[in-house]
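In case you want the letters, here they are:
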Amino acid sequence: MLDKFRFLTAGESHGKCLTAIIEGIPAGFEINPDFINNELERRQGGYGRGERMKIETDTVEITSGVRFGKTLGSPVTLVIQNRDFENWQKIMSTSPDDFTSEKSFTKYRPGHADFAGSVKYNQTDLRNILERSSARKTAVEVAVGAVAKQILAQFDIRCTSRIIQIGQGKTEEEFRSEIDKAKEAGDTLGGKFEVVFENLPVGLGSYVHWDRMLDGKIAQAVMSIPAVKSVSIGNHHAYKMLGSEFHDQMYLENGKIVRKTNNAGGIEGGMTNGEPVVVTAVMKPIPTLKKSLNTVDMENMTECEAHFERSDTCAVEACSVVAENRIACVLVDEVFSKYGGDSLEEIKARF
Ligand code: EPS
């Protein structure tokens, strides 16, 4: 949990809506819903997305904490309606009157939360696990991150991301043909992407305790995106480099300290060092696939083929957008805790 830019989200994949409440934004920050909607559109896009994205046009409604386009200092609430809810009203009803003993599905999908979730929460209908474990909730997380990004923009902190590899493909053309091949085979694909934040002040994060290290906080924020299996900061070939090759040596240029490399990825001793923060992550292939996966039906404990529900072939591009926005939340939290204040003016003066 973040400390100064706190938020909680709620909502099931096919429930009525996704909601977030953000606590801790000082007064006076401009929040433009068009920017949030643009980020939501970026998350919905990318080659290889599935049928659900054709149903949804994710749009945010800001229902509290903002007046005439600026934050008030009070909690900011964001709501995104699930258009698909219309088709799931009975199945996802919150009323006991709509209960049916018929289970939605009972065949575990390997790679998903189904198995461990059903044991942990003592559920016999796996929809009760799927609905919240679905990556659908990343829509509202991106909306929160898009608020964070607008705050960072006030301090000229900006970010970009790019796909490094999908399957065996290393160029955009190859990404598409890898995705096409996987789709044709009823299969899915993961990949690797990079997120870069630039123009950060020196000294966000701290070395004094393990849970204040910025690299650790960023890793947690990215690692917990559904399907992400590894996160690294800086040059991920560090394991095979000599110290004299890896470390970013310092020079003076017109009295200013400069570096010629950024193998540390902008973080030394758990703190920003003024160089761009470079985060790389690997996403596993989405575990819902048409091609059959061996599994077990929990209802009668027989071997069977996994339940298939419509899905994406590849969502690495979407994942990179989610990562940008998750990291933005961590960085805003750090900016608020270092520079503090109750209004934009107060924080800017300290910054
Ligand atoms: C997603 C919405 C989901 C999935 C996908 C991501 O919608 P539905 O289940 O209705 O198709 O498309 O989630 C997963 C595949 C997953 O494993 O979580 C979204 O909005 O990004």
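Residues numbered from 1 in each chain as written. Predicted model: local features only at pLDDT ≥ 70, side-chain atom pairs only at ≥ 80, totals over all residues. Heavy atoms only, no water.

A. Representation of the site of the ligand in the model. Every residue lining the ligand is accounted for by His14, Arg43, Arg49, Arg52, Met53, His112, Ser134, Ala135, Arg136, Arg310, Ser311 and Asp312. Within the side chain of arginine 43, a nitrogen or oxygen atom sits 2.7 Å from an oxygen atom of the ligand. In isolation the ligand has 470 Å² of accessible area, and contact with the protein removes 91% of it. Class assignment for the residues of the shell around the ligand results in two nonpolar, four polar and six charged. (Near = heavy atom within 4 Å. Polar contact = N/O pair within 3.5 Å; in protein donor to acceptor, adjacent residues only side chain to side chain. Areas by Shrake-Rupley, 256 points an atom, 1.4 Å probe, with all protein chains shown as cover. Nonpolar A, V, L, I, M, F, W, Y, C, P; charged D, E, K, R; others polar.)

B. View of the sheet that holds strand S1 (residues 6-10). Reading across the sheet, the four strands line up as S1-S2-S6-S3 and stay open at both edges, with antiparallel pairing between neighbours. Each edge of the sheet is formed by a strand with only one pairing partner; in this case those strands are S1 and strand S3 (60-64). Neighbour-to-neighbour, the strand axes of this sheet turn through a mean angle of 20°, independent of strand direction. As judged from the four bridges shared by S3 and strand S6 (residues 76-81), these two strands associate in the antiparallel manner. Counted as the bridge partner of isoleucine 62 is leucine 78 from S6. (Pairing = 2+ DSSP bridges. Helix = DSSP H or I, 4+ residues; strand = E, 2+ residues; numbered from the N terminus. Axes fitted to C-alpha atoms, helices over the stretch in contact; angles between N-to-C directions.)

C. Summary view of the sheet that holds strand S7 (residues 158-166). If you trace the four strands from one edge of the open sheet to the other, you get S7-S8-S14-S9, paired in antiparallel fashion. Pairing within the sheet leaves two strands with one partner each, and these edge strands are S7 and strand S9 (228-233). Pairwise comparison of adjacent strand axes, ignoring direction, gives a mean angle of 20° for this sheet. Packed onto the sheet, helix H9 (residues 316-339) meets S7, strand S8 (191-198), S9 and strand S14 (277-283) and runs at close to 35° relative to S8. (Contact = heavy atoms within 4.5 Å.)

D. Structural view of the side chain of aspartate 333. Mapping aspartate 333 onto the fold places it in helix H9. One buried charge, aspartate 333, has no salt-bridge partner; the nearest side chain with opposite charge is lysine 217, at 4.4 Å. Within the structure, aspartate 333 has its side chain in polar contact with the backbone nitrogen of lysine 4 (distance 2.5 Å). If we ignore the near neighbours within four places in the chain, the residues touching aspartate 333 are Leu2, Asp3, Lys4, Phe5 and Lys217. (Buried < 20%, exposed > 50% of the residue type's maximum accessible area, 1.4 Å probe, protein only. Lys, Arg positive; Asp, Glu negative; His and termini not counted. Salt bridge = Lys/Arg side-chain N within 4 Å of Asp/Glu carboxyl O.)

E. View of the packing of helix H7 (residues 214-223) against H9. Taken N-terminus to C-terminus, the directions of H7 and H9 make an angle of 145°; their axes are 9 Å apart at the nearest point. In this structure, H7 crosses over H9, and the sense of that crossing is right-handed. Counting all contacts with H7, which are made through Leu214, Lys217, Ile218, Ala221 and Val222, the residues of H9 involved are Ala323, Arg326, Ile327, Val330, Leu331, Asp333 and Glu334. For the contact of H7 with H9, the per-class residue count stands at eight nonpolar, no polar and four charged. (Left-handed = near helix turned anticlockwise from the far one by under 90°.)

F. Layout of the pattern of salt bridges. Evaluated as defined, the whole model comprises 26 salt bridges. Among the salt bridges present, the one from glutamate 23 reaches arginine 6, with a minimum N-O distance of 3.3 Å. Of this pair, glutamate 23 sits in strand S2 (residues 17-23) while arginine 6 sits in strand S1, and the two are 17 residues apart along the sequence. Accessibility expressed as a relative area gives 39% for arginine 6, which makes it partly exposed.

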